[in-house]
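Notes for the structure review
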Amino acid sequence: MKLVVLNHKMNIAYNELDTYINALACIKRDNIELVVCPSDIYLLKFIERGFVVGGQNVSFNEKGNYTGEISALQLKSIGAKYCIVGHSERRKYFDEDSNIIHRKIQMLLANNIQPILCVGENLSDKEKKISKKVIMEQIALSIDGIPKDSLKDIVIAYEPVWAIGSGMFPSLDYIADIVDCIKTSIKQVTGVDIRVLYGGSVSDENILGLQSIDILDGYLLGNVSLDTKKMSNLTEKL
Ligand code: PGA
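The sections below set out a description of the structure shown in this document. (Residues numbered from 1 in each chain as written. Predicted model: local features only at pLDDT ≥ 70, side-chain atom pairs only at ≥ 80, totals over all residues. Heavy atoms only, no water.)

With that settled, the discussion passes to the overall build of the chain. The helix and strand inventory of the chain stands at 11 helices and eight strands. Relative to the compact-globule value of 18 Å for 238 residues, the chain shows a C-alpha radius of gyration of 17 Å, a close match. C-alpha extents for the chain along the principal axes are approximately 45 × 45 × 30 Å. Among the 238 residues that make up the chain, the fraction classed as buried is 52%. (Helix = DSSP H or I, 4+ residues; strand = E, 2+ residues; numbered from the N terminus. Rg over C-alpha atoms; globule rule 2.2 N^0.38 Å. Buried < 20%, exposed > 50% of the residue type's maximum accessible area, 1.4 Å probe, protein only.)

Pasting the structure below:
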């Protein structure tokens, strides 16, 4: 069953929310695991309508005087099952490095929330043909020291930074090669089978091609997740 994660980012106003939820509730989702990651203020709304939800971000601190932050315990206490960490927008605009991401993963695992760890190369890494090296370094630093028992709960989202929100889409061979490298390397080093998603300009048009990559465990969807008509087209093809 494919894991399909919707990353709303900082979108959808409150007066648009009911229309969105009503439409999303109608799409075909019996054969997928759908996870909605809305803005935190809407998490309960989605939970009330029976959706599985995840956070888009979490504090690396446990609790206390950290204005504006949300803790893993708070996410857990309202019923979140997953949380995205290390998204390239957080790395870029909020200076998140692998050390911070590592701490966030530890907080999530300690609260039984499954981290969705985003990794990916930028365009210059791709041109220099060092994508795999960059990605495997990101993963190694982020999961260093995490016990094997917990590793299986981590999901990796491979998102080429240059493909996110850009409409640029890698070749299927390129994606398959990188996903295979991630899975094989983690299996070799830890013995653990880890789920790997693809994200970056996924659409209702290119989803069929992605479906031909059978080692892919699902998708992380940004822009397309905001358009319920396109979401409906997309999930019909899964
Ligand atoms: P996109 O975003 O689908 O709009 O490219 C994906 C993401 O940022 O997770």
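Attention now moves to the site of the ligand. All residues in the neighbourhood of the ligand are listed as N7, K9, H87, E159, A163, I164, G165, G200, S201, L220, G222 and N223. With respect to the ligand, the side chain of K9 contributes an N or O atom lying 2.6 Å from an oxygen atom. One of the backbone N or O atoms of S201 is found 2.7 Å from an oxygen atom in the ligand. When the ligand sits alone it has 280 Å² of accessible area, and the protein chains cover 98% of it. Using a 2 Å cut-off from the grid points, one finds that the ligand occupies the second largest pocket. Of the residues contributing to the shell around the ligand, the split by class is three nonpolar, seven polar and two charged. (Near = heavy atom within 4 Å. Polar contact = N/O pair within 3.5 Å; in protein donor to acceptor, adjacent residues only side chain to side chain. Areas by Shrake-Rupley, 256 points an atom, 1.4 Å probe, with all protein chains shown as cover. 1 Å grid on protein atoms, 1.4 Å probe; cavity = no way out; pocket = protein on both sides within 12 Å on 5 of 7 lines; lining within 4 Å. Sits in = over half its atoms within 2 Å of the grid points. Nonpolar A, V, L, I, M, F, W, Y, C, P; charged D, E, K, R; others polar.)

Glancing now at the layout of surface pockets. The calculated volume of the largest pocket comes to roughly 540 Å³. If you go around the largest pocket, you meet 20 residues; those closest to its centre are K9, Q56, N57, R90 and F94. Counting residues per element, the lining of the largest pocket draws most heavily on helix α4 (residues 88–93), which supplies three residues. For the second largest pocket, the calculated volume is near 370 Å³. Taken together, 26 residues form the lining of the second largest pocket, with S201, V202, G222, N223 and V224 sitting closest to its centre. Among the residues forming the lining of the second largest pocket, the class breakdown is seven nonpolar, 13 polar and six charged. (Points joined across faces, edges and corners; volume = space filled by probe spheres on them.)

What follows covers the packing of aromatic side chains. Taken as a whole and judged by the stated rule, the model has six aromatic pairs. With centroids separated by 6.2 Å and ring planes inclined at 70 degrees, the aromatic side chains of Y20 and F46 adopt a geometry described as edge-to-face. Of this pair, Y20 sits in helix α1 (residues 14–26) while F46 sits in helix α2 (residues 43–48); the two residues are 26 residues apart in sequence, bridging distant segments of the chain. Look at F46 and you get buried, because its relative accessible area is 0%. (Phe/Tyr/Trp six-rings, centres within 6.5 Å; stacked < 30°, edge-to-face > 60°.)

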